[in-house]
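Report on the structure
The residues making up each chain are set out below.
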Amino acid sequence: MALDHAILVSLLEKPGSGYELARRFDRSIGYFWTATHQQIYRVLGRMEGNGLLAVREVPQQGRPDKKEYSVAGPGRAALAAWLHEPIEPESLRHDLAVKIRGAAFDDPAALIHEVERHLRAHSDRLTRYLAGELRDFTGPDAPAPLDAGQELQHVVLRGGIAFERMTIAWLDDVLATLHRLDGPPPTSTA
């Protein structure tokens with residue numbers, strides 16, 4: 001998926017400035033697609049130049065005017081065309097898994113700290129996802145009932161939650177295995 005499509009979806013959900021869009025990526029779109037603020041601004045400029053986005057200047061007091069982006073007709077058509085294209089199932093390219101397999105040829109215990117670091121990162125991400133779910137979809141301040149867009153946002157977030165839980169369970173299993181293998185080296189019979 002190109003960053004363009006993620007931007008089109010976000011701007012169809014709610015028009016906004018580059019800064020607002022970057023914050024949405026940090027907060028919710030980042031559940032499944034990450035981009036730096038610099039990447040977002042660069043792509044916004046290109047998409048505006050290609051006629052995919054409409055831009056209006058919004059005056060601000062005491063600050064420079066801001067650009068508010070929305071999806072233009074050609075942008076909506078480009079997204080619709082992309083939505084109807086088949087995509088390849090994602091491959092699982094996982095550097096940590098290769099390191100774990102490679103540890104059989106070195107010291108498996110040397111990976112314990114790295115796996116613990118990954119476990120902390122995934123645990124932190126799960127905590128953020130669950131907090132976002134409570135804030136936006138299931139908590140007392142969440143809209144009820146959810147509209148179609150909110151339902152689709154929530155199902156994506158639930159996928160992220162399930163993925164993080166599965167990853168945490170796998171990393172717990174990896175750690176248990178590494179700790180089991182961290183016993184004394186086998187004695188030689190020679």
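Residues numbered from 1 in each chain as written. Predicted model: local features only at pLDDT ≥ 70, side-chain atom pairs only at ≥ 80, totals over all residues. Heavy atoms only, no water.

Turning our attention to a nonpolar patch on the surface. On the surface, a cluster of nonpolar side chains totalling about 250 Å² of accessible area is made up of L152, V155 and V156. Note that L152 resides in helix 7 (residues 148-181). When its relative accessible area of 57% is taken as the criterion, L152 is described as exposed. (Patch = residues over 30% accessible without salt bridge, like charges linked within 9 Å, V, L, I, M, F, W, Y side chains within 5 Å. Areas by Shrake-Rupley, 256 points an atom, 1.4 Å probe, with all protein chains shown as cover. Salt bridge = Lys/Arg side-chain N within 4 Å of Asp/Glu carboxyl O. Helix = DSSP H or I, 4+ residues; strand = E, 2+ residues; numbered from the N terminus. Buried < 20%, exposed > 50% of the residue type's maximum accessible area, 1.4 Å probe, protein only.)

What follows concerns the confidence of the model for the protein. For the protein, per-residue confidence averages 88 on the pLDDT scale, and 91% of positions sit at 70 or higher. By mean pLDDT, helix 5 (residues 95-102) is the weakest element of the protein at 85, and strand 2 (residues 66-71) is the strongest at 95. (pLDDT = per-residue confidence, 0-100.)

This next bit is on the side chain of S17. Within the element layout of this structure, S17 appears in the loop between helix 1 (3-13) and helix 2 (18-27). Judged by relative accessible area, S17 falls into the buried class, the value being 6%. Discounting residues that sit within four places of it in the chain, S17 has contacts with K66, K67, E68 and Y69. (Contact = heavy atoms within 4.5 Å.)

Overall, the coordinates contain seven salt bridges when judged by the stated rule. A salt bridge links R56 to E68; its shortest N-O distance comes to 3.1 Å. Of this pair, R56 sits in strand 1 (residues 53-58) while E68 is found in strand 2, placing the two residues 12 residues apart along the sequence. R56 gets classed as partly exposed once you look at its relative accessible area, which sits at 48%. Salt-bridge contacts for R135 lead to D136; the nearest nitrogen and oxygen are separated by 2.8 Å. Residue R135 is classed as partly exposed on the basis of its relative accessible area, which comes to 38%.

A word on the side chain of E133. Here E133 lies in helix 6 (residues 112-138). Buried and unpaired, E133 has no salt bridge, with R158 as the nearest side chain of opposite charge at 5.6 Å. Here the side chain of E133 touches H154 through a polar contact of 2.7 Å, side chain to side chain. Beyond its immediate chain neighbours, meaning those up to four positions away, E133 contacts T138, G139, H154, L157, R158 and I161. (Lys, Arg positive; Asp, Glu negative; His and termini not counted. Polar contact = N/O pair within 3.5 Å; in protein donor to acceptor, adjacent residues only side chain to side chain.)

Another point: the environment of R46. One can find R46 in helix 3 (residues 37-49). On the basis of relative accessible area, R46 is assigned to the partly exposed category, the value being 39%. Sequence separation between R46 and D4 is 42 residues; the distance between their C-alpha atoms is 9.4 Å.

Now for the nonpolar core. In terms of nonpolar packing, the biggest core is built from 20 residues, with I7, L11, F25, I40, L44 and L53 touching the most fellow members. Listing elements by their share of this core, those giving two or more residues are helix 1, helix 2, helix 3, strand 2 and helix 4 (73-83). In terms of residue count, helix 1 provides more of this core than any other element does, five residues in total. Those residues in contact with L11 that lie beyond four places of it in its chain are G16, L21, R24, L44, L53, Y69 and V71. Listed in part, the 18 residues of the second largest apolar core include I112, L126, Y129 and L178. (Core = buried A, V, L, I, M, F, W, Y, C linked by side-chain atoms within 4.5 Å.)

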